[in-house]
Amino acid sequence: MRQLKDILVIDDEPMVTRVVVKVCSSEGMTIMPAHHAQEALQFLDRNEFRLILCDIMMPELSGFQFLEELSGRGIHTPVVMMTGYSTVENAVKSLTTTGCMDYIPKPFTADELVTVIQRCLRCSLLLNESESAGLPRSGALSHVPCPTNYYRLGYVSWALMESNGTAKIGVSDLFLKASEGAREFELSMPGEDLLQGIPCADMTSPDGSVHSIMCPLSGRILEVNEQAQTSPSLVEKDPYFRGWLYRILPSNPASDLQWLSL
Amino acid sequence: MINNNIGLKLTFGVVLTILVAIGIFAFFNIQSEKQSLLTEVERHANQLSEAVKSDTEYDMLHNDRERIHESIHRIGNQESIDRVRVFNKSGEIIYSSDTAEIGTMVDQNAESCHRCHSAGEPLGRLDQQERTRIFRPNAESPRLLGIINPIYNSPTCWTAACHAHPDTQTVLGVLDVTIPLTDVDRNIRRSQFAMVILAISAILILSAIVGFMVRWWIDRPIRELLTGIKHVAGGNLGYRVKVKSEDELGMLANSFNNMTDSLAEARLQLFQSDKLASLGRLAAGVAHEINNPLTAVLTNSSYLLKRSQAQPETREDLQVIVSETIRCREIVKSLLDFARQTVPKKRKADINEIISRAAKVIENQLSNRQVDLEMDLDTTLPKVTVDANQIQQVFINLMVNASDAIGENRGSIKITSKAINLSPDGVLQIKRALCRKRHDLVDRKIQIDGKPAISMRYRRKKKTGLIHLNPMYGSTEHKLNGMPDIDAEFELMCPDCSASLIADEEVCPKCESPIYAFEVPLKGLVNGCLKEGCGWHRWEQVDSAWNDEYVEVRVTDDGCGIPEEQLPKLFEPFATTKGQKGTGLGLAVTWGIIDNHNGTISVESEVGAGTTFIIRIPVGQ
């Protein structure tokens, strides 16, 4: 009988796995540590997990090679990448590769780790629910329809290319849902530069956890939606229209868009 | 060798031209002189011949042979005459100054007969030219000029008492006078010699002058330029070409100097950014290694912080661990950002708060070393848009440096903050100022407040002199040296080339006086009014880009100070003044952070007295 556990954590640094185990256990989650991808695959043969935390840079199999291995074996457990080398490429790849849900840059606090894990677990649940309701297991949710011409960065954020060359960006309904709503947004200033895959805003949930919203497009902020800042509930209610966050001037739309899904 | 030297080529070309011109001139001159001397001798011989003829005519009519003999002999024996003879139509010599040949026959092919008889048929009449001949009887003898004078038959001859000639004869005989050309030839040789000497000396003198001018005006400046180019190619960008002339080569040298100055400036910046880039790559490599241990520290400490509800002391300590580890994370992140050239994560923040936070971090370290920290913060400071973590890092850096400078002795660090209004006036130093012909007006020999001044020459009516402007933009502390009033007759010009420095078609908007104008390379025109008490000035590119509200923070210590020679290199990576103690990265990172915030960082220091770092960050962003 395969045992169902909450988390599988894979990292070649025992110090990291130890502290992750400690934090997750104290939150009441069941967790198993693995120190390389092969060991993790052995665990996966015997157990079932709700979420996998995986380091990107590991000897032998890297995090992304491990992902391929998973999909080859037909395992659909969502994966959260961890990395001490948080380049834009790693971030974007983590958010857009099939089977991979999110990423968390090292080093992180216990709260940050728990926030990401819980958000991803909820997200996974929501996706399972919508799947069982007969909807495709991808991207957005059913209750707030995401318009078809919106580009999405994983389950996190969206970008809408406007006819005048600017783009609006915002947070997706699934991310809002998985974070259990927004109490407050901390946004950047007009004139600042944003990078795809790097946090562009911090969202505080009603429970006080802080979620970083990864930016879908690189560019310079032209306008900030004041309404999103003054009434965060607006973003929750209407994330795709009145709840946009920034209007930006994309700096490299052609190469950025190929990572995004419509 | 001539192929390698443009001066030699030019000199050679000009000398060749002079040689050909003078050669042609000398040749024709000698020819014409020769001709005129010969013509003169010919005329003289002809006159002589006519004189002999008329002298003997009477005696011939009277057939007085003795007198004729005597006359011919007398005349023919004169020094300037070679010989005089008369021969009859059949060629028999009747009279001659050389008595030995009387009665002999003249060969029809002889010089004297040749003229008339060369055509086979004897000629009746000959003009003077045809009667003259120049010949040399043998190789050793001098040249001779002979003139034949035919004695024509006339009524007096055939009616004369002797009846020697019938009236059917046309020519009775020929008077042949021969004179030596010794003197003439000597004169010709002398004048030929003089002409050759003249031509040679003219060629030599002209060549010397041309050679000297080419050397002075072309060869020397080109050599100097070449030396400059070699120096610059070898990497010595401080070399300046010393060509003072106003011509194209002078302008070329000036442009060359300007180019190397710009190049030196660009290289310095490139050097700095290159070093910072390699620093970034290094940081990126190190970041990954540091982040794993940091994860253990941060996650553990934050986990402990969450759990240790009961003990406030422990909580406080843990809080410091967590927040400092987060700061480490931000530093590593910012180094990674630096490696990929991104901008800091800026938010509105209170600089005083950041200073207090920074002070808290190193409080313990300072009190352990008996260093007092004094803060004089302006509470009305406007908020600035900065990356708080980066700016905090800057202050911590500066305070650690200050405490290192104080060393083992007791000392104090003072931090002051205040809002200031900065205009570019008195802050920006004009380091290069070009006239229309691109001469640099900045005169390193004249200094105002220790900085090289901008020199200009004025002229009004007959009064002229030099003035020196303060190179700090906007300053009115000039050295005007009794300059006259500025009016329509007032002129201002470049001391090197006298090009006008008065702006065209524009006057001071404040007092309507003429204004000066010069160019700062790559940074546009600077205008200003020199009228007493006006002080109007404009530097469009700078004025428009300048933001005048700043927050200024000064970090002052009373430590050992920094030697003057180390100041220019202070912000370069790996330029530590702490020997083995420092990495040499702190101030480079600091510089990069402040630069990313469009701020400025400067340093004032005196060895033994202490150092002040001044940071200015623009408010309105």
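Quick caveat, the model's predicted, so the values are computed rather than measured.

Definitions and cut-offs
- Residues numbered from 1 in each chain as written.
- Chains lettered and ligands numbered in written order.
- Predicted model: local features only at pLDDT ≥ 70, side-chain atom pairs only at ≥ 80, totals over all residues.
- Helix = DSSP H or I, 4+ residues; strand = E, 2+ residues; numbered from the N terminus.
- Buried ≥ 20, exposed ≤ 12 C-beta atoms within 10 Å, placed from the backbone.
- Contact = placed C-beta atoms within 7 Å.
- Pairing = 2+ DSSP bridges.
- Axes fitted to C-alpha atoms, helices over the stretch in contact; angles between N-to-C directions.
- Nonpolar A, V, L, I, M, F, W, Y, C, P; charged D, E, K, R; others polar.
- pLDDT = per-residue confidence, 0-100.

A. Expanded view of the environment of A264 of chain B. Residues and elements named next belong to chain B. Here A264 shows up in helix α7 (residues 248-307). Classification of A264 as partly exposed rests on a count of 15 C-beta atoms within 10 Å. When near neighbours in sequence (up to four residues on either side) are disregarded, A264 contacts L237 and G238.

B. Inspection of the sheet that holds strand β2 (residues 31-34) of chain A at higher detail. All names here are of chain A. Taken in spatial order, the 5 strands make up an open sheet running β2-β1-β3-β4-β5, and their pairing is parallel. Strands with a single pairing partner mark the edges of an open sheet, and in this sheet they are β2 and β5 (100-105). Strand-to-strand twist of the sheet, defined as the mean angle between neighbouring strand axes without regard to direction, takes the value 25°. Two strands pair when backbone bridges link them, and strand β4 (residues 79-83) and β5 are joined in this way by 5 bridges, in the parallel orientation. The residue bridging T83 from the neighbouring strand is P105, located in β5.

C. Molecular detail of the sheet that holds strand β9 (residues 411-421) of chain B. Residue and element names in this part refer to chain B. With respect to topology, 5 strands assemble into an open sheet ordered β7-β9-β18-β20-β19, the strand pairing being mixed. Strands with a single pairing partner mark the edges of an open sheet, and in this sheet they are β7 (371-377) and β19 (600-606). Averaged over all pairs of adjacent strands, the angle between strand axes in this sheet comes to 15°, irrespective of strand direction. Of the pairings in the sheet, the one linking β7 to β9 comprises 7 bridges and is parallel in character.

D. Highlighting the pairing of strand β14 (residues 502-507) of chain B. Taking burial as the measure, the 6 residues of β14 of chain B include 0 buried ones, a minor fraction of the element. Connecting β14 of chain B to the next strand, strand β15 (residues 514-520) of chain B, in antiparallel fashion are 6 residues, including E512 of chain B with a positive phi near 60°.

E. Up close: the interface of chain B and chain A. Each partner contributes residues to the interface: chain B has 20 residues there, and chain A has 20 residues. Elements represented by at least two residues in the side of chain B that touches chain A include exactly α7 and α8 (312-339) of chain B. A per-element tally of the side of chain B that touches chain A places α7 of chain B first, with 13 residues. Among the residues making up the side of chain B that touches chain A, the classes are represented as 7 nonpolar, 10 polar and 3 charged.

F. The arrangement of unusual backbone geometry in detail. Residue and element names in this part refer to chain A. Of note, the bond from K106 into P107 is cis; its omega dihedral lies within 30 degrees of zero at -5°. Its place among the elements puts P107 in the loop between β5 and α5 (110-132). The phi dihedral of E180 falls on the positive side, at around 60°, and the residue is not glycine. Its place among the elements puts E180 in the loop between α6 (173-178) and β9 (184-187).

G. The arrangement of the confidence of the model for chain A in detail. Here chain A averages 86 in pLDDT, while 95% of its residues score no lower than 70. Taking the mean pLDDT of every element in chain A, the minimum, 80, falls on helix α9 (residues 253-257) of chain A and the maximum, 94, on β2 of chain A.

H. Region of interest: the confidence of the model for chain B. Residue and element names in this part refer to chain B. Summing up the model confidence of chain B, the mean pLDDT is 82 and the portion of residues at 70 or higher is 89%. When pLDDT is averaged over each helix and strand of chain B, the minimum, 65, is found for helix α3 (residues 111-117) and the maximum, 91, for strand β18 (residues 549-557). Across the interface, the model reports ipTM at 0.85; the global pTM reads 0.47.

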